[in-house]
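So the chains spell out like this:
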Amino acid sequence: MEKNNKSLLHLSWETAFFWEGCPLCFLVQKSLRSYMENILYESVNDPSLRKEIREKGGFCEEHSLQLFSFNDLLGISIIYEDIIKNYTLPNLRKKIIANNISCIFCEKEKEYERLYILALEEVLRNKDSFELWKENAYDFCQPHKELIKNTAPNLYKKIEPFLNTKKRKYPEYIYKAFPWDRDFAELFLKKLQMMRYNKIK
Amino acid sequence: MNECTICKKIKEEKEKFYKLLNKPVYLCKEHLKEALLLNPKLYQDKEIQKEEICPVCQLEKRIISYYDGNFSDLCLYHLKYFEDKIPENTWKILIKEWEDYLKHIHNVIESYSYNKTPLKENNVMEILNLLLGTGRKIR
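What you are looking at is a predicted structure, and each value in this text was computed from that prediction instead of being measured.

Here we take up the packing of aromatic side chains. Taken as a whole and assessed by the stated rule, the structure comprises 22 aromatic pairs over all chains. Seen in terms of ring centroids, W13 of chain A and Y116 of chain A are 6.3 Å apart; in terms of plane orientation they differ by 85°. Their pairing is edge-to-face. Taken together, the residues W13 of chain A in helix α1 (residues 8–16) and Y116 of chain A in helix α6 (residues 104–123) connect sequence positions 103 residues apart. Ring plane angle 25° and centroid distance 5.8 Å describe the contact between F130 of chain A and W133 of chain A, whose orientation is recorded as stacked. Of the two residues, F130 of chain A and W133 of chain A are both situated in helix α7 (residues 127–136); the distance of three residues between them amounts to about one turn of the helix. Judged by its relative accessible area of 13%, F130 of chain A is buried. On the accessibility criterion, W133 of chain A (0% relative accessible area) is buried. Here the aromatic cluster, defined as three or more aromatic residues joined through ring pairs, consists of W19, F26, W180, F184 and F188 of chain A. For the cation-ring pair, K108 of chain A lies above Y112 of chain A, with the distance from its terminal atom to the ring centre recorded as 5.9 Å. The cationic tip of R136 of chain B hangs over the ring face of Y77 of chain B; the distance from NZ or CZ to the ring centre is 4.1 Å.

Right under this line is the structure:
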């Protein structure tokens, strides 16, 4: 789907340039929260997803806590009943206290980071988008700067000269954004719409 | 349902630590998030240099290393530290406990069935705290 010949990814990036923090953190957290919401409301009984969660021993601590923030007791209970019944208890019977092996949300987060970084290379080829980024966007957080450097070195070379003058949001600049425990994107997007509407008026 | 003894102690000590902080110190991401909840203005837009040692991580490790109580009073996260010291009897208690927790979660799910009322009083979060060690988190 395209709007004015810009892809949805392109438009997402342009929106992220107005976020008061690392724009990549914004996009990744927004997408991850949607993914979690989708799992809880639509895919909790999906056999292949449940198998994957079981085999990986549940989720990491950070993403477990983020999942709890949805306050979906039924969805969470269904998932954890499966984990306790088919992973925790069988291991306890073998005198093993089983840890989480890997987390589907950590994996998804890495996927989103890569997707958005590769899209950014394309986005910043557009002169207007590049100016928009230069003028509005906050600096990338340190971990994401490193990731951009490794994933898309040409992109990093292009943006590096402008990074030192950009605003930074602390303390997230050091660590990446904290996992969102609510939908910050929704409020932000409404605020942005209001700003654009007032500008047109 | 009992709280994990170590989680409880860690949470108490952390709260004291964060409330007494009067200048920003380096903390790891997990602990910085907690500090921000109790002391938000301390870290707002302040540049902190990343260091190797988080004092709150050290505090948690100390509390775990000094524990000499009953293993059956611990969550699975903290029990992992003592896995090779757990006596046979405690394994049996643990298995029975977790079978009971499983039944409880199952009942909670069942209570969402058509023409039933979801259980208002449920201990699902407490059970998950015992599973994951999240009882030690300030949130």
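Now for the interface of chain A and chain B. The partner chain B presents 43 residues to the 30 residues of chain A that form the contact. Both faces considered, chain A and chain B share a buried interface measuring about 3500 Å² in area, 73% of it formed by carbon and sulfur atoms. At the boundary of chain A and chain B, one finds four salt bridges. Here E88 of chain B and K95 of chain A are joined by a salt bridge, their closest N and O atoms 3.1 Å apart.

What counts as what
Residues numbered from 1 in each chain as written. Chains lettered and ligands numbered in written order. Predicted model: local features only at pLDDT ≥ 70, side-chain atom pairs only at ≥ 80, totals over all residues. Heavy atoms only, no water. Phe/Tyr/Trp six-rings, centres within 6.5 Å; stacked < 30°, edge-to-face > 60°. Helix = DSSP H or I, 4+ residues; strand = E, 2+ residues; numbered from the N terminus. Buried < 20%, exposed > 50% of the residue type's maximum accessible area, 1.4 Å probe, protein only. Lys NZ or Arg CZ within 6 Å of the ring centre and 35° of its normal. Contact = heavy atoms within 4.5 Å. Buried area = accessible area lost by both parts, 1.4 Å probe. Salt bridge = Lys/Arg side-chain N within 4 Å of Asp/Glu carboxyl O.

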